[in-house]
Amino acid sequence: MKTVGVDIGTMNIVSCYMLEENDKMQIDKMRNMFLPVSTDILQTNELTDTQIDYVIQKDDDGNDQVFIIGDDAFKFAQIFGSEIKRPMNKGVISVGEIDAIDVLTVMIKRLIGQTKDGCAIYSVPASAIDIEIPPVLYHEKVFNKVFKTLGFQSKPINEALAIIYAECRSSNFTGISLSFGAGLTNVCCAYKGQQIITFSVSRGGDWIDQNVASSVGVVESRVTNVKERDLDLTNPKIGKKKEKRVREALVFYYEDLIEYVLKHFVQQFNKATDSLNIDDEIPIIVSGGTSKPKNFVELFRKVFNEGKEFPYDISEIRQAENPLLSVSKGCLIYGLWNNTKEKKLNSQKKDAPKTKSKEPEK
Amino acid sequence: MHIILILIFGVSMFFLGRRNPLMRQSFKKSNSVSHQDVMNIIKTFNNKLDQLNTTLLEVRNLLDNGISYNSNNQQEKTPTTKNQNFYVPEPDIRSIKSSNKEREKNIVDSTGVSDTLDSLNDIK
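As the structure is a prediction and not an experimental result, all values here were calculated from the model.

1. Remarks on the overall build of chain B
Scanning chain B for helices and strands turns up five helices and two strands. In chain B, the order of α-helices and β-strands from amino to carboxyl end is α-α-α-α-β-β-α. Expressed as a percentage of the 124 residues in chain B, the buried residues total 6%.

2. Considerations on the overall build of chain A
Summing up its helical and strand segments, chain A has 10 helices and 15 strands in all. Taken against the 2.2 N^0.38 rule, which gives 21 Å for 362 residues, the C-alpha radius of gyration of chain A at 23 Å falls within 12% of a compact globule. Expressed as lengths along the three principal axes of its C-alpha atoms, the size of chain A is roughly 95 × 60 × 40 Å.

3. Section: the environment of G81(A)
All names here are of chain A. Along the chain, G81 turns up in the loop between helix 2 (70-80) and strand 7 (88-89). The exposure class of G81 is exposed, given the 10 C-beta atoms found within 10 Å. Once the C-alpha coordinates of G81 and A320 are considered, the two residues, 239 residues apart in sequence, prove to be 33 Å apart.

4. A word on the domain arrangement of chain A
Residues and elements named next belong to chain A. Looking at chain A, the domain boundaries give domain 1 (3-32 + 86-343) and domain 2 (33-85). Taken over C-alpha atoms, the centre of domain 1 sits 28 Å from the centre of domain 2. Where the side of domain 1 that touches domain 2 is concerned, the elements lending two or more residues are strand 3 (24-31), helix 3 (100-112) and helix 7 (220-230).

5. Comments concerning the sheet that holds strand 9 (residues 118-124) of chain A
In spatial order, the strands read 10(A)-9(A)-1(A)-2(A)-3(A)-2(B); together these six strands make up an open sheet with mixed pairing. The outermost strands of the open sheet, each flanked by one partner alone, are strand 10 (152-158) of chain A together with strand 2 (106-109) of chain B. Averaged over neighbouring strand pairs, the angle between their axes works out to 25° when direction is ignored. Contacts from helix 10 (residues 326-351) of chain A reach strand 1 (3-8), strand 2 (12-18), strand 9 and strand 10 of chain A, with the element oriented near 145° to strand 1 of chain A.

6. Here's the deal with the packing of helix 7 of chain A against helix 8 (residues 241-272) of chain A
How two helices pack is summed up by the angle between their axes together with the distance between the axes. Residue and element names in this part refer to chain A. Between helix 7 and helix 8, whose axes approach to 10 Å, the crossing angle comes to 75°. Relative to helix 8, the element helix 7 is oriented roughly perpendicular. Contact residues: V223, V226 and K227 in helix 7; E243, V246, R247 and L250 in helix 8. Classifying every residue of the contact of helix 7 with helix 8 gives four nonpolar, no polar and three charged.

7. Some details on the interface of chain A and chain B
In this complex, chain A contributes 40 residues to the contact, which on the side of chain B involves 31 residues. When residues of the side of chain A that touches chain B are traced back to their parent elements, those giving at least two are strand 3, strand 5 (54-58), helix 3, helix 4 (136-149) and helix 10 of chain A. Its residues assigned to classes, the side of chain A that touches chain B shows 20 nonpolar, nine polar and 11 charged. Bridge count between strand 5 of chain A and strand 1 (residues 97-98) of chain B: two bridges; the pairing is antiparallel. What sits directly across from I56(A), in strand 1 of chain B, is K97(B).

8. Some remarks on the confidence of the model for chain B
Low-confidence regions, as indicated by low pLDDT, have predicted coordinates that should not be scrutinised in detail. All names here are of chain B. The share of residues in chain B with pLDDT of 70 or more is 56%, and the mean pLDDT across the chain is 67. Least confident of the elements in chain B is helix 4 (residues 81-84), whose mean pLDDT is 46; most confident is helix 5 (residues 111-122), at 86. Taken as a whole, residues 66-83 scores under 50 in pLDDT and shows 21 contacts with residues more than four places along the chain or in a different chain.

9. Observations concerning the sheet that holds strand 12 (residues 185-191) of chain A
Sheets are built from strands paired through backbone hydrogen bonds, the pairs being either parallel or antiparallel. All names here are of chain A. Read across the open sheet, the five strands follow the order 13-12-11-14-15; overall the sheet is mixed. Two strands bound the open sheet, and with one partner strand each, they are strand 13 (194-201) and strand 15 (314-319). Pairs of neighbouring strands in the sheet enclose a mean axial angle of 15°, with direction left out of account. Pairing analysis gives six bridges linking strand 11 (residues 175-180) to strand 12, with the strands arranged antiparallel. Bridge pairing in strand 12 places G175 opposite A190. Its contacts with the sheet place helix 8 against strand 11, strand 12 and strand 13, and it is angled at close to 140° to strand 13.

10. Thoughts on the pairing of strand 3 of chain A
In the case of a regular strand, side chains alternate between the two sheet surfaces. Note: strand 2 of chain A against strand 3 of chain A, seven bridges, orientation antiparallel. Within the sheet, the bridge partner assigned to Y17(A) lies in strand 3 of chain A and is Q26(A). Alignment of strand 3 of chain A against strand 2 of chain B, held across four bridges, turns out to be antiparallel. Among the inter-strand pairings, I27(A) is bridged to a residue of strand 2 of chain B, identified as N106(B).

11. A look at helix 8 of chain A
All names here are of chain A. In this model, helix 8 (32 residues) spans 47 Å end to end at C-alpha, consistent with the 46 Å of a helix rising 1.5 Å per residue. Inspection of helix 8 places V246, R247, A249, L250, V251, Y253, Y254, L257, I258, V261 and F265 among the buried residues, and these make up the whole buried set. Structurally, helix 8 contributes buried residues whose contacts are with strand 11, strand 12, strand 13, helix 6 (205-216), helix 7 and helix 9 (296-306).

12. What about unusual backbone geometry?
Note on backbone geometry: most residues besides glycine have negative phi, and most peptide bonds are trans. Residue and element names in this part refer to chain A. Backbone geometry places N172, a non-glycine residue, at a positive phi of 60°. As for its position among the elements, N172 is in the loop between helix 5 (159-167) and strand 11. Residues other than glycine seldom take positive phi values, yet F173 does so here, at roughly 60°. With respect to the secondary-structure elements, F173 resides in the loop between helix 5 and strand 11.

13. Here we look at the environment of V218(A)
Residue and element names in this part refer to chain A. Mapped onto the fold, V218 is located in the loop between helix 6 and helix 7. Take V218: there are 20 C-beta atoms within 10 Å of it, and that puts it in the buried class. Put simply, V218 and Q153 are 65 residues apart on the chain and 43 Å apart in space, counted from C-alpha to C-alpha.

What counts as what
Residues numbered from 1 in each chain as written. Chains lettered and ligands numbered in written order. Predicted model: local features only at pLDDT ≥ 70, side-chain atom pairs only at ≥ 80, totals over all residues. Helix = DSSP H or I, 4+ residues; strand = E, 2+ residues; numbered from the N terminus. Buried ≥ 20, exposed ≤ 12 C-beta atoms within 10 Å, placed from the backbone. Rg over C-alpha atoms; globule rule 2.2 N^0.38 Å. Domains from an automatic or database assignment. Pairing = 2+ DSSP bridges. Axes fitted to C-alpha atoms, helices over the stretch in contact; angles between N-to-C directions. Contact = placed C-beta atoms within 7 Å. Parallel < 35°, antiparallel > 145°, perpendicular 65-115°, else oblique. Nonpolar A, V, L, I, M, F, W, Y, C, P; charged D, E, K, R; others polar. pLDDT = per-residue confidence, 0-100. Expected span 1.5 Å × (residues − 1).

Below is the structure:
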């Protein structure tokens, strides 16, 4: 059975699965976005010879609709300065995008392929504590159908819990993980692999991009590009005047995001102190695409130490080994672990002696 | 001056009362709406508001968590079959043509995964 871990994020979809060769794993990533292109600009027959990721689908009137998908959509949007469409918003399927489900299905198919008896573990966000987001249950149901279409049985797992499975082996799967995503920031506290507290807050990378774009007057995708290219949160004074302004604004909003997340983070953990008793020192793992800029952890540590007192002893604050990969890796580990448990259970059932009910002797 | 004003007010109220059928009825009966009547109206209104709140909460819970809500303020942890059956659109990719662009293969070492699995199996 092919087992895959899929991180379905607002900005990126990352998949990973074990290869049949020993000790090898394949990782694949695609931007979770698409760009509708008018057929007046780009003829459908012209696309077939290009190395562009696209989909062509019929609209209600039977006309061809062309969507450039994934990383190519991001590149095209930057060249032409146009706004891209996003199938997801705030960590869940976007209610405003009518084509979202079909495009998402094609994108996931491009990453994990189609099979007959696969098993997919995918990430879902926790409910947000500071905003009303569309129901996560609906989001789960949609993705269960998407994976079923591709031949996979599927199971959701909390995004921040997946990070615990991927990064907290040394602390016996006990720790606090923060996943700074594009739509939301997810938080999970787990003890020996079991989640105790999970929640999300409504701010993430998109919030930074939107605020920087409106503050400095540039298109959001260009802000995203500067942010992802080589942003150093301790040294924003790089590049020409306009770019310098963007970088300075990025640092300002990054600091504000961390302060906001930590404020809610401390509040939620303070609320839970009566029911949650952890004597050991626990690590904090910072992950997610938004935590990728240089010196993010240093900024996080600084804001954490300046803030209110945290009710638990912290052993360390560190970044995930690969912030973009860790959720999908955690999903895969969880999937493989579940498979092992199921196999064990089945073999125990088989090995158990069959006791026949004896008829009472007459 | 005050007495004249009070008299004008009293007379106008009397004629207004005679024109309004509801007030005329209450004038006829007791010349005023009793405190009990007002309390009953408020009570009925509050009951209706409570019912509405309960229904809204139930709908919200069904949508949000898949947890049903019953009138005894107890949450059932197991999702009911009712909330499992809401409509979810079916993806249809049969009519979609997509590109055959070759994707870059990113193959990494996975020893960390197998070690982590061993540790997970050892958790007590």
